[in-house]
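Chain by chain, the residues:
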Protein chains: 2
Amino acid sequence: MINVAIVDDHELFREGLVLVLDQIDEINIVKDYCSGNEFLSDLDNLNIDIVLMDIKMEGLNGIETTQKAKAIKPDLKVIAVTMFVEDSYYMQMIQAGAHGFVLKKAGKYELGQAIMEVYKGGNYFSQEILQKMALSAIGGTNSKENQLSNREIEVLQLICKGLSTKEIAESLFLSQKTVEVHRSNILRKSEQKNIAQLVIWAVKNNYTSI
Amino acid sequence: MINVAIVDDHELFREGLVLVLDQIDEINIVKDYCSGNEFLSDLDNLNIDIVLMDIKMEGLNGIETTQKAKAIKPDLKVIAVTMFVEDSYYMQMIQAGAHGFVLKKAGKYELGQAIMEVYKGGNYFSQEILQKMALSAIGGTNSKENQLSNREIEVLQLICKGLSTKEIAESLFLSQKTVEVHRSNILRKSEQKNIAQLVIWAVKNNYTSI
DNA sequence: ATTGCAATAGGGGAAAACCCTTAGTAATGT
DNA sequence: ACATTACTAAGGGTTTTCCCCTATTGCAAT
């Protein structure tokens with residue numbers, strides 16, 4: 001019996017997921033949570049093998065929740081359940097310690113397969129994710145060089161809220177020039193050519209929520 | 001017994017929804033579809049009271065699917081099931097003939113309630129939607145004045161793809177000045193102050209998909 | 001018929017974004 | 001100790017966005 005917990009802030013999806021997985025004999029849904037914080041505060045008393053984790057969530061997101069959960073229970077296995085497939089996005093989640101990655105448009109058989117595979121000590125990644133990984137391996141446009149720094153992420157989030165360079169500078173107590181540098185480093189690293197593309201990219205890569 | 005169909009391209013969510021609703025005695029899930037086209041081509045042979053319709057879908061979206069479905073079966077009742085709450089978005093769906101509007105973060109009880117209400121001939125709108133409607137009624141910032149024209153929608157979609165004014169002008173065979181006029185009319189009507197905010201607004205209002 | 005609006009397009013100008021260079025400081029890792 | 005990197009900031013420049021203004025054409029509604 002595989003003991004599984006679910007963390008997802010979309011109630012309808014979460015309720016459905018519980019029922020879907022209850023149909024699989026080998027899987028036992030222990031509990032489901034609507035937020036990362038709720039899950040973390042329960043983690044000590046929780047006897048689970050695997051947690052299915054949504055990435056985009058209000059409050060603590062899936063990446064942060066995974067990092068904190070792994071700090072408490074290093075053996076916990078995390079499968080990310082997500083809407084989009086984008087670069088730094090899944091890389092962050094893998095770095096945080098996720099063993100699997102399933103898209104929400106996948107079916108129950110695929111999710112079941114992912115849970116089995118991860119339970120046995122393996123990894124599972126959706127076809128779409130594997131393609132992305134393969135492409136970034138070929139292009140070499142991945143990993144560290146293109147990772148945003150903390151400050152850059154902060155600036156990116158303000159850009160996505162619609163703040164101008166001047167406003168960002170004021171709100172972070174920086175000079176406009178510094179913010180300009182961050183902006184252009186963000187554009188370079190994300191390989192986007194303007195703010196419109198950057199905002200879409202940021203949403204897809206989970207730097208901001210909509 | 002209320003006969004219900006589901007149209008949603010996220011398989012896991014759809015499968016979950018089927019199981020959630022099967023728990024409610026009064027509801028019978030007749031069939032579920034992963035696309036608008038699939039649903040429409042089956043509609044003639046389908047004996048259902050209500051269809052739960054996702055708005056954001058690959059191919060035919062929920063609004064288009066609803067319009068076409070109502071043309072075939074005017075008595076069909078549609079409940080939109082969606083992620084976001086934004087202005088023109090739900091207005092379009094209501095104009096297309098939807099009787100209800102439920103957020104994906106709602107729970108099964110709320111969804112059940114919505115189905116019952118719409119089946120009895122009423123309407124059901126999530127609290128969040130009602131708030132939006134009330135606000136736009138007070139502010140008067142709704143309806144026609146702020147509705148984007150076809151050309152504006154076309155320009156908006158190109159903006160969201162990251163094209164500059166110059167590139168948009170070239171691709172639509174217009175002068176840059178004309179595109180500039182469209183841009184600022186779009187910003188004025190959407191009440192957003194720059195491209196970053198506009199892109200987020202466009203995604204929320206279903207003018208573009210991410 | 002006239003009013004209204006969408007769509008077209010121009011002039012002109014202020015502000016913001018974008019791109020290049022250089023450069024110092026502080027923290028981190030080998 | 002030394003290299004690397006994040007963060008800071010400036011000078012100086014081009015391009016783009018954004019905001020006024022005016023103006024014509026053509027379609028549609030009353």
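Residues numbered from 1 in each chain as written. Chains lettered and ligands numbered in written order. Predicted model: local features only at pLDDT ≥ 70, side-chain atom pairs only at ≥ 80, totals over all residues. Heavy atoms only, no water.

- As named in an unreviewed UniProt entry, chain A is Response regulator transcription factor, taken from Plebeiibacterium marinum.

### Description of the overall build of chain A
Phase 1 of the analysis: Regarding its fold elements, chain A presents 10 helices and 6 strands.
Phase 2 of the analysis: Here chain A has a C-alpha radius of gyration of 18 Å; the compact-globule value for 210 residues is 17 Å, and the two agree.
Phase 3 of the analysis: Along the first, second and third principal axes, the C-alpha set of chain A runs to 60 × 40 × 30 Å.
Phase 4 of the analysis: With 210 residues in all, chain A has 53% of them scored as buried.
Phase 5 of the analysis: The long-range share in chain A, meaning contacts at least 24 apart out of those at least 6 apart in sequence, stands at 64%.
Phase 6 of the analysis: Working note: accessible area of chain A is about 9,500 Å², and carbon and sulfur atoms make up 49% of it. (Helix = DSSP H or I, 4+ residues; strand = E, 2+ residues; numbered from the N terminus. Rg over C-alpha atoms; globule rule 2.2 N^0.38 Å. Buried < 20%, exposed > 50% of the residue type's maximum accessible area, 1.4 Å probe, protein only. Contact = heavy atoms within 4.5 Å. Areas by Shrake-Rupley, 256 points an atom, 1.4 Å probe, with all protein chains shown as cover.)

### Notes on the domain arrangement of chain A
Phase 1 of the analysis: Each assigned domain of chain A is listed here: domain 1 (2–139) and domain 2 (150–204).
Phase 2 of the analysis: Using C-alpha coordinates to define each centre, domain 1 of chain A is positioned 29 Å away from domain 2 of chain A. (Domains from an automatic or database assignment.)

### Looking at the protein's contact with DNA strand C
Phase 1 of the analysis: Neighbouring DNA strand C are 17 residues; Thr165(A), Ser149(B), Arg151(B), Lys177(B) and His182(B) lie closest to it.
Phase 2 of the analysis: Each atom of DNA strand C within 4 Å of the protein was classed as base or backbone; sugar and phosphate made up 60%.
Phase 3 of the analysis: A distance of 2.8 Å is found between a phosphate oxygen of DNA strand C and a side-chain nitrogen or oxygen belonging to Thr165(A).
Phase 4 of the analysis: Ser175(B) has a polar backbone atom sitting 2.8 Å from a phosphate oxygen of DNA strand C.
Phase 5 of the analysis: Taken together, the elements giving at least two residues each to the surface near DNA strand C come down to α9 (176–190) of chain A together with α7 (150–160) and α9 (176–190) of chain B.
Phase 6 of the analysis: In terms of residue class, the surface near DNA strand C is made up of 4 nonpolar, 8 polar and 5 charged. (Near = heavy atom within 4 Å. Polar contact = N/O pair within 3.5 Å; in protein donor to acceptor, adjacent residues only side chain to side chain. Nonpolar A, V, L, I, M, F, W, Y, C, P; charged D, E, K, R; others polar.)

### What about the sheet that holds strand β1 (residues 2–7) of chain A?
Phase 1 of the analysis: Spatially, β2-β1-β3-β4-β5-β6 (chain A) is the arrangement adopted by the 6 strands of the open sheet, whose pairing is parallel. Since the sheet does not close on itself, it has two edges, and those belong to β2 (27–33) and β6 (124–125) of chain A, each with one partner. (Pairing = 2+ DSSP bridges.)

### Side note on the nonpolar core
Phase 1 of the analysis: Leu21(A), Leu52(A), Ile115(A), Leu21(B), Leu52(B) and Ile115(B) are the most contacted members of the largest nonpolar core, which totals 44 residues.
Phase 2 of the analysis: Ranked by size, the runner-up nonpolar core spans 41 residues in total, among them Leu156(A), Leu148(B), Leu172(B) and Trp201(B). (Core = buried A, V, L, I, M, F, W, Y, C linked by side-chain atoms within 4.5 Å.)

### Side note on the interface of chain A and chain B
Phase 1 of the analysis: Opposite the 35 residues of chain A that make contact, chain B presents 35 residues.
Phase 2 of the analysis: Buried surface at the junction of chain A and chain B, both sides included, amounts to about 3,000 Å², of which 71% is carbon and sulfur.
Phase 3 of the analysis: It is Leu12(A), Leu19(A) and Ile210(A) that lose the most area in chain A upon contact with chain B, and together they represent 23% of the buried surface on that side.
Phase 4 of the analysis: Taken together, the links from chain A to chain B amount to 2 salt bridges.
Phase 5 of the analysis: Among the salt bridges present, the one from Lys193(B) reaches Glu167(A), with a minimum N-O distance of 2.7 Å.
Phase 6 of the analysis: Linking chain A with chain B are 12 residue pairs in polar contact (both at pLDDT 80 or more).
Phase 7 of the analysis: For the side of chain A that touches chain B, the leading source of residues is helix α1 (residues 11–22) of chain A, giving 8 residues. (Buried area = accessible area lost by both parts, 1.4 Å probe. Salt bridge = Lys/Arg side-chain N within 4 Å of Asp/Glu carboxyl O.)

### Some thoughts on the protein's contact with DNA strand D
Phase 1 of the analysis: Inspection of the region around DNA strand D gives 17 residues, with Ser149(A), Arg151(A), Lys177(A), His182(A) and Thr165(B) positioned closest.
Phase 2 of the analysis: In this structure, a base nitrogen belonging to DNA strand D sits 2.9 Å away from a side-chain N or O atom of Glu180(B).
Phase 3 of the analysis: The side chain of Arg183(B) places a nitrogen or oxygen atom 3.4 Å from a phosphate oxygen of DNA strand D.
Phase 4 of the analysis: Those elements giving two or more residues to the surface near DNA strand D turn out to be α7 (150–160) and α9 of chain A together with α9 of chain B.
Phase 5 of the analysis: Classifying every residue of the surface near DNA strand D by side-chain character gives 4 nonpolar, 8 polar and 5 charged.

### Concerning the packing of aromatic side chains
Phase 1 of the analysis: Under the definition given, this model contains 5 aromatic pairs over all chains.
Phase 2 of the analysis: For the pair Trp201(B) and Tyr207(B), a centre-to-centre distance of 5.4 Å together with 25 degrees between the ring planes defines the contact as stacked.
Phase 3 of the analysis: Just above the ring of Phe13(A) sits the side chain of Lys104(A); from NZ or CZ to the centre is 4.3 Å. (Phe/Tyr/Trp six-rings, centres within 6.5 Å; stacked < 30°, edge-to-face > 60°. Lys NZ or Arg CZ within 6 Å of the ring centre and 35° of its normal.)

### Describing the relation of the copies chain A and chain B
Phase 1 of the analysis: With an axial shift of 0.0 Å and an RMSD of 0.7 Å, the rotation relating chain A to chain B amounts to 179 degrees. Expressed as a symmetry operation, the mapping of one chain copy onto the other fits a two-fold axis. Considering only C-alpha atoms, the part of chain A nearest the rotation axis is Gly16(A), at 1.7 Å.
Phase 2 of the analysis: Taken as a fraction of all interface residues of chain A, those also at the interface in chain B reach 100%, which identifies the copy contact as same-surface. (Least-squares fit on C-alpha atoms with pLDDT ≥ 70 in both.)

### Structural notes on the packing of helix α8 (residues 165–172) of chain A against α9(A)
Residue and element names in this part refer to chain A.
Phase 1 of the analysis: In the contact formed by α8 and α9, the axes pass within 8 Å of each other and the chain directions differ by 110 degrees. Comparing their axes, α9 and α8 come out roughly perpendicular. The handedness of the crossing between α8 and α9 is right-handed. Across from Thr165, Lys166, Ile168 and Ala169 in α8, the residues of α9 making contact are Gln176, Val179, Glu180 and Arg183.
Phase 2 of the analysis: A per-class count over the contact of α8 with α9 returns 3 nonpolar, 2 polar and 3 charged. (Axes fitted to C-alpha atoms, helices over the stretch in contact; angles between N-to-C directions. Parallel < 35°, antiparallel > 145°, perpendicular 65-115°, else oblique. Left-handed = near helix turned anticlockwise from the far one by under 90°.)

### Describing the pattern of salt bridges
Phase 1 of the analysis: Counted by the stated rule, this structure contains 16 salt bridges over all chains.
Phase 2 of the analysis: Between Lys177(A) and Glu180(A) there is a salt bridge, and its shortest N-O distance comes to 3.8 Å. Taken together, the positions of Lys177(A) and Glu180(A), both in helix α9 and 3 residues apart, correspond to about one turn of that helix.
Phase 3 of the analysis: By relative accessible area, Glu180(A) is classed as partly exposed at 37%.
Phase 4 of the analysis: Linking Asp8(B) and Lys104(B) is a salt bridge whose minimum nitrogen-to-oxygen distance equals 3.2 Å. With Asp8(B) in the loop between β1 (2–7) and α1 (11–22) and Lys104(B) in the loop between β5 (98–103) and α5 (108–119), the pair connects residues that are 96 residues apart, well separated along the chain. Both residues of the pair, Asp8(B) and Lys104(B), count as buried.

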